[in-house]
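In case you want the letters, here they are:
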Amino acid sequence: MSVSTAAAPQTICAPLPVLGRDVTVPLVTGGEVGYAALDYAASAPALQRVWDDVAAYAPYYGSVHRGAGYLSQLSTDLFENARRTVAEFLDCRADDQLVFTRSTTDSLNLLAAALPADCQVFVFETEHHASLLPWKDARVTYLDAPRTPRQAVATLESALAGRAPHGPALVCVTGASNVTGELWPVRELAAAAHAHGARIVLDAAQLAPHHPVSVRDLDVDWVAFSGHKLYAPFGSGVLAGRADWLRAAEPYLAGGGASRKVTRRQDGGVDVEWHEGAARHEAGSPNVIGAYSIASACKALTEAGFDTLVAREQYLVEKVRTGLADVPEVRILSLFGDDAPRVGVISFVVDGWNSSHFAAALSAEYGIGVRDGLFCAHPLVRTLLGSDPQSQGECGAPEAAPGEKSLNAIRVSFGAGTPDEHVDRFVTAVRELVTEGATWTYRTEDGRCVPAV
């Protein structure tokens with residue numbers, strides 16, 4: 001079966017304009033080619049709309065909050081309007097609180113710092129490290145990887161039913177896997193959590209760029225995501241949801257902005273009255289441009305229409321999956337099976353190739369940027385790979401520890417800015433590398449597979 005050259009249905013929109021779409025990169029075989037950015041799951045390129053909005057605001061940049069000058073007032077309004085825009089994008093409840101953070105990782109660490117005493121946390125081993133690791137100060141129950149969405153719900157219900165009947169509990173779950181792209185049954189997991197008196201936080205880092213996320217409809221207590229995956233890569237993130245735990249917690253960072261009133265005591269110390277709203281956890285000068293860029297991206301995606309964006313992405317997903325299925329040496333990694341709904345994130349291994357070698361050849365010989373490794377989801381990828389051997393080939397990275405197999409995979413990911421040509425070139429490159437081998441010689445350098453010079 002050859003790569004599909006059929007035109008996309010007329011109902012499917014064109015890719016959204018993104019930065020870098022005209023960038024060319026050198027090939028080791030000579031010449032240059034337009035760069036095919038297929039690593040959206042790590043960081044998506046900025047939408048041109050976001051960049052234009054930020055550029056238009058930049059001359060008016062000023063200090064935020066408490067500034068008397070016109071530019072300070074303008075920047076403060078911009079910052080707070082961004083908060084409202086993102087809350088609308090997430091369909092937050094009227095009494096929810098939205099805190100701007102640095103990233104999904106920062107958001108979940110903030111929530112971890114706000115957990116009530118003796119809180120028990122339930123998290124599947126399939127999570128990204130950002131949602132797997134922050135709960136070190138809580139009682140954590142790690143749940144085995146489920147093999148169907150129904151099993152995921154049943155596993156959680158069983159674990160929650162076995163917990164102590166009293167005391168706070170939190171479930172943390174991804175919306176879409178950063179390894180397989182598969183959608184998780186968030187609404188059903190939220191219902192199970194609430195039925196057992198627990199709360200739930202949704203890691204929407206891979207979901208929000210691809211699908212609408214409604215806090216009300218999914219009935220989650222919190223949602224976290226990053227701007228740099230939502231076509232707004234300016235080092236900002238979001239935690240939105242229930243205000244009570246955040247209001248009761250000590251400020252995530254102590255400093256200006258979080259404090260309402262500070263006074264000296266007679267014994268030489270200080271007394272602090274902290275803010276109760278979002279400012280409580282936004283100490284220091286906020287990343288106004290980062291917040292504004294997220295809001296701009298939210299507007300752009302909403303105006304483009306998620307129905308058309310999802311339709312186009314599913315068209316690309318099928319192009320990739322159909323093309324890879326035509327190469328017997330390729331095995332796509334999956335928890336829930338071929339029929340599971342998914343976003344534009346696909347991980348795979350190739351018989352006879354170390355994944356790092358394969359990814360390096362895609363880059364050096366075809367100008368295609370993908371990701372290789374364990375994708376900051378080590379337990380999940382190791383579960384999916386199992387005991388599959390990986391040939392070292394000419395080089396292998398990351399290198400395995402003594403006595404361990406070299407286990408890693410290749411991930412291709414795409415989204416609203418991906419043109420058909422990038423996907424077609426990728427599928428063609430996979431077929432050629434498998435059938436004809438790499439043109440160049442590669443070696444391991446500083447733990448990475450690179451072209452030999």
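Residues numbered from 1 in each chain as written. Predicted model: local features only at pLDDT ≥ 70, side-chain atom pairs only at ≥ 80, totals over all residues. Heavy atoms only, no water.

A. Broad picture of the packing of aromatic side chains. Taken as a whole and assessed by the stated rule, the structure comprises 12 aromatic pairs. Summarising the aromatic geometry, the rings of Tyr57 and Tyr292 are spaced 5.7 Å apart at their centres and angled 70° between planes, so their arrangement reads as edge-to-face. You can see Tyr57 sitting in helix H1 (residues 48-57) and its partner Tyr292 sitting in helix H9 (residues 288-304), a full 235 residues away along the chain. For the residue pair Tyr57 and Tyr292, the accessibility class agrees, reading buried in each case. Put simply, the rings of Phe348, Trp353, Phe358 and Phe426 pair up and form one aromatic cluster. (Phe/Tyr/Trp six-rings, centres within 6.5 Å; stacked < 30°, edge-to-face > 60°. Helix = DSSP H or I, 4+ residues; strand = E, 2+ residues; numbered from the N terminus. Buried < 20%, exposed > 50% of the residue type's maximum accessible area, 1.4 Å probe, protein only.)

B. Structural context of the nonpolar core. Ranked by size, the top nonpolar core spans 84 residues in total, and within it Val86 and Leu90 carry the most contacts. In this structure, Val86 is in contact with Leu98, Phe100, Phe225, Val238, Ile294, Ala295 and Cys298, ignoring residues within four places of it in sequence. Residues Val320, Phe358, Phe426 and Ala429 belong to the second largest nonpolar core, which totals 35 residues. (Core = buried A, V, L, I, M, F, W, Y, C linked by side-chain atoms within 4.5 Å. Contact = heavy atoms within 4.5 Å.)

C. Local environment of the state of the cysteines. Counted under the stated rule, the structure contains zero disulfides. Distance from the sulfur of Cys13, which forms no disulfide, to the nearest cysteine sulfur (Cys298) is 17 Å. Residue Cys13 is classed as partly exposed on the basis of its relative accessible area of 22%. Residue Cys172 stays outside any disulfide, its sulfur separated by 11 Å from that of Cys119, the closest cysteine. Residue Cys172 is classed as buried on the basis of its relative accessible area of 0%. (Disulfide = S-S within 2.5 Å.)

D. Expanded view of the confidence of the model for the protein chain. Residue-level pLDDT values for the protein chain average 92, and 93% of them are 70 or greater. When the criterion is pLDDT under 50, residues 1-7 qualifies, and its contacts beyond four places in sequence or with other chains add up to 13 contacts. (pLDDT = per-residue confidence, 0-100.)

E. Spatial organisation of helix H5 (residues 149-161). With 13 residues, H5 extends 18 Å between its outermost C-alpha atoms, agreeing within 8% with the 18 Å of an ideal straight helix rising 1.5 Å per residue. Considered for burial, the residues of H5 that qualify are Ala152, Val153, Leu156, Ala159 and Leu160. Considered in projection along H5, the buried side chains sweep an arc of 135° and stay on one side of the axis. H5 presents Arg150, Ser158 and Ala161 as exposed residues on the side facing more than 90 degrees away from its buried surface. If you follow the buried residues of H5, they end up packed against strand S5 (120-124), strand S6 (139-143), strand S7 (169-174) and helix H6 (186-195). (Expected span 1.5 Å × (residues − 1). Arc of directions from axis to C-beta.)

F. Up close: the side chain of Arg425. Inspection of the secondary structure puts Arg425 in helix H13 (residues 420-436). Given the relative accessible area of 13%, Arg425 is considered buried. Looking at Arg425, its side chain comes within polar contact range of the main-chain oxygen of Gly34, at 2.8 Å. Beyond its immediate stretch of four places on either side in the chain, Arg425 contacts Val33, Gly34, Ala36, Tyr366, Gly367 and Ile368. (Polar contact = N/O pair within 3.5 Å; in protein donor to acceptor, adjacent residues only side chain to side chain.)

G. Representation of the sheet that holds strand S17 (residues 409-413). Across the sheet, which stays open at both edges, the four strands sit in the order S13-S14-S17-S16 with antiparallel pairing between neighbours. Two strands close off the open sheet at either side, each with one partner strand: strand S13 (330-332) and strand S16 (371-373). Adjacent strand axes in the sheet meet at a mean angle of 30°, parallel and antiparallel pairs treated alike. Sheet topology note: the strand S14 (residues 345-350)/S17 ladder contains four bridges and is antiparallel. (Pairing = 2+ DSSP bridges. Axes fitted to C-alpha atoms, helices over the stretch in contact; angles between N-to-C directions.)

H. Representation of the pairing of S5. With five of its five residues buried, S5 lies for the most part within the structure. Side chains Gln120, Phe122 and Phe124 project from S5 onto one buried face, and the interleaved Val121 and Val123 project onto a second face that is buried too. The pairing of S5 with S6 spans five bridges and is parallel. Considered in S6, the bridge of Gln120 is made with Arg139. Judged from the four bridges that link them, S5 and S7 form a sheet pairing that is parallel. Across the sheet, residue Val123 finds its bridge partner in S7, namely Cys172.

I. Just the sheet that holds strand S8 (residues 199-203), in detail. Read across the open sheet, the seven strands follow the order S4-S10-S9-S8-S7-S5-S6; overall the sheet is mixed. Both edges of this open sheet fall to strand S4 (97-101) and S6, since each of them pairs with a single strand only. With strand direction ignored, the average angle separating the axes of adjacent strands in the sheet is 20°.

J. Summary view of empty space enclosed by the protein. Taken as a whole and judged by the stated rule, the model has two cavities of 30 Å³ or more. There is about 60 Å³ of room inside the largest cavity. Lining the largest cavity, in full, are Pro209, His210, Leu309, Arg312, Glu313, Gly415 and Ala416. Classifying every residue of the lining of the largest cavity by side-chain character gives three nonpolar, two polar and two charged. For the second largest cavity, the calculated volume is near 50 Å³. Taken together, Tyr40, Ala41, Ala44, Ala205, Gln206, Pro209, His210, Lys229, Tyr231, Val345, Ser413 and Phe414 form the lining of the second largest cavity. Of the residues that constitute the lining of the second largest cavity, the class distribution is eight nonpolar, three polar and one charged. (1 Å grid on protein atoms, 1.4 Å probe; cavity = no way out; pocket = protein on both sides within 12 Å on 5 of 7 lines; lining within 4 Å. Points joined across faces, edges and corners; volume = space filled by probe spheres on them. Nonpolar A, V, L, I, M, F, W, Y, C, P; charged D, E, K, R; others polar.)

K. Highlighting the pairing of strand S10 (residues 237-241). Counted residue by residue, S10 has five buried out of five residues, so it is predominantly covered. Residues Gly237, Leu239 and Gly241 point to one face of S10 and Val238 and Ala240 to the other, with burial holding for every one of them. Taken together, the five bridges between S4 and S10 define a ladder with antiparallel strand orientation. Residue pairing across strands places Gln97 opposite Gly241, the latter belonging to S10. In terms of strand pairing, strand S9 (residues 222-226) meets S10 through five bridges, oriented antiparallel. Across the sheet, residue Val223 finds its bridge partner in S10, namely Ala240.

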